[in-house]
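The primary structure of each chain is shown beneath.
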Amino acid sequence: MTKETAKFDPAQAATFFTRHGHSGWLDLAYRDNGENWVELELPWREDLLGEEDRQVLASGPIISLMDMASGMAIWTTMGDFTPIATLDLRVDYQRPARERAAVIGRVECYRTTRSAAFVRGVAHDGDPDDPVAHIAGVFMTIQRDSRKGKVPVTAASGSEAGTGDE
Amino acid sequence: MSDPKSAIALPAYARSLGIKLHGFEGDLPVLTVEFGPSVEGRPQHFHGGATSGLLENAGYAALRTVLIRENRHPRLKPVNITVQFLAAGKSIPSFAQGRITRLGRRNANITVEAWQDDRDRPIATAIMNILMADEPE
């Protein structure tokens, strides 16, 4: 079913991801991407508030935003929709988001190896230099057959070339 | 004494996602969420973000329960959360319970576990640091 040769396109993939399941429920939207990064937006919504008396998004949806942006950054870097699983995700909250503000999550995949992908990113509500949160995560690639097993190696070298800024 | 139920008054986000109080185990609340579209990631599995949301809410619920018992009512501010994903969340209900590893005056360190059909095989764990700011009089 999947087109093995087509390069992963985050803008196009987002049209599917953001209409289904948890990401669809959160109304996540694609904003932008580069060779090894993806930016998504989490709109402000009343039923996503974290406290009774403040119009501020809960921290939980921000984790979801960054987890999703992480996955898409990894697929974009690898150029391939290879199955991955989150191993470890850390979120450091710098400050609450502003009232009624959407939160923008930008995650870059800064390293891939044969079986792992490393990401870091920032969540902000308008000014990337004044972030709401920083994240760091590690994902594992799930290798289902020997042919798939070759993908991370190719992707890793591709990523190194792609992030070399030559 | 304060009503322990008020400790687990869940925020809008948690209610909207479908998180509910399952009961108390020991002295601390166990939260649960059914499997459904709002928590689904790849088909028929929990999204890591939804599992994280369950863990985080269970952490807050545990801390509020303990604080109310001590008649403390600070405003809680998240410092950080680190989630370890141990197994895929299947299309069955998930549960989570937090315990307070250390409760100081200004900071609480909380460990949270999430599981599904087997309490002894967690699907995810989290460590949270939460700041406790004095409630204005």
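Report follows, based on the coordinates. (Residues numbered from 1 in each chain as written. Chains lettered and ligands numbered in written order. Predicted model: local features only at pLDDT ≥ 70, side-chain atom pairs only at ≥ 80, totals over all residues. Heavy atoms only, no water.)

The subject of this paragraph is the overall build of chain B. Per the secondary structure count, chain B includes 2 helices and 6 strands. Its helices and strands in sequence order give chain B the pattern α-β-β-α-β-β-β-β, from N to C terminus. Relative to the compact-globule value of 14 Å for 137 residues, chain B shows a C-alpha radius of gyration of 15 Å, a close match. Projected onto its principal axes, the C-alpha coordinates of chain B cover approximately 50 × 25 × 25 Å. Residue burial in chain B is summarised as follows: out of 137 residues, 53% are buried. For chain B, the proportion of contacts with a sequence separation of at least 24, taken over those separated by at least 6, is 63%. (Helix = DSSP H or I, 4+ residues; strand = E, 2+ residues; numbered from the N terminus. Rg over C-alpha atoms; globule rule 2.2 N^0.38 Å. Buried < 20%, exposed > 50% of the residue type's maximum accessible area, 1.4 Å probe, protein only. Contact = heavy atoms within 4.5 Å.)

Looking now at the overall build of chain A. A count of helices and strands for chain A gives 5 helices and 8 strands. Moving toward the C terminus, one meets the helices and strands of chain A in the order α-α-β-β-β-β-α-β-β-β-β-α-α. Taking all 166 residues of chain A together, the buried fraction comes to 52%. Taking contacts inside chain A between residues at least 6 apart in sequence as the whole, the part at least 24 apart equals 61%.

Take the interface of chain A and chain B next. On the chain B side, the residues contacting the 29 residues of chain A number 26 residues. Summed over both partners, the interface of chain A with chain B buries about 2200 Å², with 50% contributed by carbon and sulfur atoms. Area buried by chain A at its contact with chain B is led by A:His22, A:Trp25 and A:Tyr93, which between them contribute 25% of it. Our count for the contact surface shared by chain A and chain B stands at 0 salt bridges. (Buried area = accessible area lost by both parts, 1.4 Å probe. Salt bridge = Lys/Arg side-chain N within 4 Å of Asp/Glu carboxyl O.)

With that settled, the discussion passes to the environment of A:Glu108. Residues and elements named next belong to chain A. Looking at where Glu 108 falls in the secondary structure, it is placed in strand β6 (residues 103–112). Under the relative-accessibility criterion, Glu 108 is labelled partly exposed at 26%. Considering only alpha carbons, one finds Glu 108 and Ala 136, 28 residues apart in sequence, at a separation of 9.7 Å. Not counting the four nearest positions on each side in its chain, Glu 108 is found in contact with Asn 36, Trp 37, Ala 73, Phe 118, Val 119 and Arg 120. Within the local environment of Glu 108, its side chain forms a polar contact with the side chain of Asn 36, the two groups lying 3.5 Å apart. (Polar contact = N/O pair within 3.5 Å; in protein donor to acceptor, adjacent residues only side chain to side chain.)

Here the structure, examined in full by the defined rule, presents 14 salt bridges over all chains. The partner of B:Glu113 in a salt bridge is B:Arg119, with the nearest N and O atoms 3.5 Å apart. With relative accessibility at 31%, the residue B:Glu113 sits in the partly exposed group. Via salt bridges that share partners, A:Arg31, A:Glu39, A:Glu41 and A:Arg106 belong to a single interconnected network.

Residues and elements named next belong to chain B. Of all 10 residues in strand β6 (residues 124–133), 7 are buried; the element is thus mostly enclosed. Examined bridge by bridge, strand β3 (residues 75–85) and β6 share 10 bridges and lie antiparallel to one another. Pairing of Arg 75 across the sheet is with Ala 133, part of β6. By the bridge criterion, 8 bridges tie strand β5 (residues 107–115) to β6 in an arrangement that is antiparallel. (Pairing = 2+ DSSP bridges.)

Moving on: the environment of A:Lys7. Residues and elements named next belong to chain A. Among the structural elements, Lys 7 can be located in the segment before α1 (10–17). Residue classification places Lys 7 among the exposed positions, given a relative accessible area of 61%. Considering only alpha carbons, one finds Lys 7 and Thr 141, 134 residues apart in sequence, at a separation of 17 Å. Setting aside chain neighbours within four positions, we find Lys 7 in contact with Thr 76 and Gly 79.

Residue and element names in this part refer to chain B. The end-to-end C-alpha distance of helix α2 (residues 48–69) is 32 Å, a good match for the 32 Å that 22 residues give at a rise of 1.5 Å each. The element α2 is largely enclosed, with a buried count of 20 among its 22 residues. After α2 finishes, the residue Asn 71 shows a positive phi value of roughly 55°. (Expected span 1.5 Å × (residues − 1).)

The next thing to look at is the environment of A:Trp44. Residue and element names in this part refer to chain A. Checked against the element boundaries, Trp 44 lands in the loop between β2 (37–42) and β3 (49–51). Among the residues examined, Trp 44 registers a relative accessible area of 18% and is labelled buried. Distance in space between the C-alpha atoms of Trp 44 and Asn 33 is 22 Å, their sequence separation being 11 residues. Ignoring sequence-local partners within four residues, the contact set of Trp 44 consists of Leu 49, Gln 55, Val 56, Leu 57, Arg 100, Ala 101 and Ala 102.

Before going further, it helps to examine the side chain of B:Thr65. Examined against the element boundaries, B:Thr65 turns out to sit in helix α2. Here the side chain of B:Thr65 touches B:Ala61 through a polar contact of 2.6 Å, landing on its backbone oxygen.

Before going further, it helps to spend a moment on the packing of aromatic side chains. According to the stated counting rule, one finds 7 aromatic pairs over all chains in the structure shown. Here the aromatic rings of A:Trp25 and B:Tyr13 are separated by 6.4 Å at their centres, their planes lie at 40°, and the arrangement is tilted. Residue A:Trp25 is located in helix α2 (residues 21–25), and its partner B:Tyr13 is located in helix α1 (residues 12–17); the two belong to separate chains. Aromatic pair B:Phe95 and B:Trp115: ring centres 6.0 Å apart, planes at 20°, arrangement stacked. Placement of B:Phe95 in strand β4 (residues 94–103) and of B:Trp115 in strand β5 is noted, with a sequence separation of 20 residues between them. (Phe/Tyr/Trp six-rings, centres within 6.5 Å; stacked < 30°, edge-to-face > 60°.)

Taken by themselves, the reported measurements are silent on function.
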